[in-house]
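Chain by chain, the residues run as shown.
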Amino acid sequence: MKLKNAVSSMQKGHPEDTLIPLYTPWGEAIKKADTEAVWQEYPRPQLERDNYRILNGKWSYWIVPVEDPTVMPRKADILVPFSPESLLSGVERQLQPNEYLWYERRIGFSEEELAEKKKGLHCILHFGAVDQQAVVYCNGQEVVSHIGGYLPFHADITDYVSEDALLLQVRVRDVSDTSWYTRGKQTLNRGGMFYTAQSGIWQSVWYEWVPANYIEHMKITPDLDSHSVTIELKSPREFASVSCTVYKATDYLAASESQSGRLIPGERTMALIGVSVKRESTAPNILRLTLPEDSIRPWTPETPYLYSFTIMADSDTIHGYFALRSFTVEPDERGMMRFCLNHQPYFLHGLLDQGYWSDGLMTAPCDEAFLYDIKLAKHAGFNMLRKHIKIEPLRWYYHCDRLGMIVWQDMVSGGTTYHMPFVCYMPTVFPNISVHTKDYHYKLFSRADEEGRAAWEQECLDTIEHLYSIPSIAVWVPFNEGWGQFDAERITGLIKEKDPTRPVDHASGWFDQKCGDFKSIHNYFRPLKVKQDKNRAFVISEYGGYACHIKGHSSVERIYGYRKYASTEELTAAYGQLMEKQLNPLIDRGLSGAVYTQLSDVEEEVNGLVTYDRRIEKLNCSPQSSFEAPSLHENMPE
């Protein structure tokens, strides 16, 4: 064990550091254009309607103390959906736990929209995510409240639609890591492996017009073995009439996109599939689609085939897509348990993806930035991203679906302040002790609060409900390194009951409770090796973390990483040795997957394949590795 490296990587907060402002190429384009036209794409590609309006752009904001909310506000502008702590918001102000953040904007409705209301349509207001506690008001009346900073919520605001402008206000409070709420990597005491806490609206805000009875949510379950797909529709009441049109499968190279961002089959794939649609008489909102034999195209990262479809349910029409694939853990021909894609052993060469941006924090500057990260990972030879204790906007998953990137989805961690010597340092130095530690010792795992455990459990299930239909998501990861872990064996059972179609990595890192589908370890300081398990696949769910500081492209001068290299040449050579000498030989010995840390630098962490500002690619560094800032809506090159 490299004890010196382990000691140097001990977690330390450095809130006194002033972060150096860094703009990504896309963020720089937004700043130069001084535009409100940010995140104009439809936010929900699997359940898209044509009649909608994006509300992102400049809003007014003010901050007042919780104990005296009547203080006269001093209003200023904020660029939604960027949090006030971020550069792109135009605010750069940390919201404190004892403060309220208020948002405000007026919405004027067109004559066409007023006519929609007269026809009996309803106006549904959507928030992608607001961190952490939100109350929404229309003309001073509360219409919806929501707790939890990572999941969407909505409200019917039809009654407030009129010829007069609607006053929309949102009140936010974020106690960050001073309580047990889910927070992921956010902390008010930023430094090391934990990052600047953000608050407020950080995903898109929009509204759409729908009939009184409409599709609120869909649950899409593909069955590759039977060449069928089941689509369950959630609506206020059962539909009297439902029809579904399915198009032939296409991969992203053969697809074009509409202006709104919907996947449209290319000309050579426009033909309809002769689909048998069976509608259950006992459950009329459930459709079972059987695909013809000659139309079967299994989804893989190498051939990411997607089927487009249109559903008409009474007077509601939506557009979406699905894929045919299966994710399982099965024995290979030698009896070793392996992760399997479409029932074939498939090695997962993964990257840890924190989803942080130097100018937007948890909000990417634009859709093209999502594309850049995913394509960077694919071009570097990776076929999987472990989305690390964060939930992304649905457009990120859409790009993984169509570009062919498997996703391991972490749940967002919560709990009170972590006991780092117990949950991180002890398992690193004495890994065998953590294997025998039970996670019902709630205080040790920062889970003494019963209300907090119940809230996390519900949020876990809500996350699965929210992301269930995403084709690229292969594995659920409820707990990471013991951060807020509790009752993992029972939680795994709940996840399996909610979603029996995907494997579960119940405890990534350590504190293995001998359940789930994987024996999952983190190894940064010892030679990599396989520890086979008779009933589970073996994965190294974190390793590497090789650090290389690039002057002028880092938030701070201090360096946090597990092994430090002075140049990109040294880093590239060390990375090549790690792959060739340590990782690759383990695949034949039973290694089923491995997750290298990490995709990009984040604040003090400089162990990314690319710098925090996404301007310098560190491996195989060449003049082509850095690039000019693209125009605001220009796709990154293939």
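The shown structure was predicted, so the numbers you read here are calculated from the model rather than taken from an experiment.

Cut-off values and rules
- Residues numbered from 1 in each chain as written.
- Predicted model: local features only at pLDDT ≥ 70, side-chain atom pairs only at ≥ 80, totals over all residues.
- Heavy atoms only, no water.
- Helix = DSSP H or I, 4+ residues; strand = E, 2+ residues; numbered from the N terminus.
- pLDDT = per-residue confidence, 0-100.
- Contact = heavy atoms within 4.5 Å.
- Pairing = 2+ DSSP bridges.
- Axes fitted to C-alpha atoms, helices over the stretch in contact; angles between N-to-C directions.

### Some points on unusual backbone geometry
- The omega torsion across Val80 and Pro81 is 20°, close enough to zero to call that bond cis.
- Tracing the backbone shows Pro81 in the loop between strand S3 (76–80) and strand S4 (99–107).
- Cis geometry is adopted by the peptide bond preceding Gln132, which originates at Asp131 and carries an omega value of 25°.
- Mapping Gln132 onto the fold places it in the loop between strand S6 (130–131) and strand S7 (133–138).
- Residues other than glycine seldom take positive phi values, yet Asp34 does so here, at roughly 50°.
- In this structure, Asp34 sits in the loop between helix H2 (25–33) and strand S1 (52–54).

### Digging into the confidence of the model for the protein chain
- Confidence in the prediction of the protein chain, expressed as mean pLDDT, is 91, and 91% of residues score 70 or more.
- For the stretch residues 254–261, pLDDT sits under 50, and the model shows 22 contacts to residues farther than four places along the chain or on other chains.
- Low pLDDT, under 50, characterises residues 264–271; the predicted model gives this stretch 17 contacts beyond four residues in sequence or across chains.

### Looking at the sheet that holds strand S26 (residues 344–345)
- Ordered by their spatial adjacency, three strands build an open sheet running S24-S25-S26, and the pairing between neighbours is antiparallel. Of all the strands in the sheet, just strand S24 (327–331) and S26 have a single pairing partner and so form its edges.
- In terms of strand pairing, S24 meets strand S25 (residues 337–341) through five bridges, oriented antiparallel. Its bridge partner lying in S25, Thr328 is registered against Cys340.

### Brief notes about the sheet that holds S3
- Here we have six strands laid out as an open sheet, ordered S3-S2-S4-S10-S7-S8, and antiparallel in their pairing. Taken across any chain shown, the strands that pair with only one partner, and hence form the sheet edges, are S3 and strand S8 (141–147). Across this sheet, the average inter-strand angle for adjacent strands is 30°, counted without regard to direction.
- Pairing analysis gives six bridges linking S7 to strand S10 (residues 166–173), with the strands arranged antiparallel. Bridging from a neighbouring strand, Val135 pairs with Arg171 of S10.

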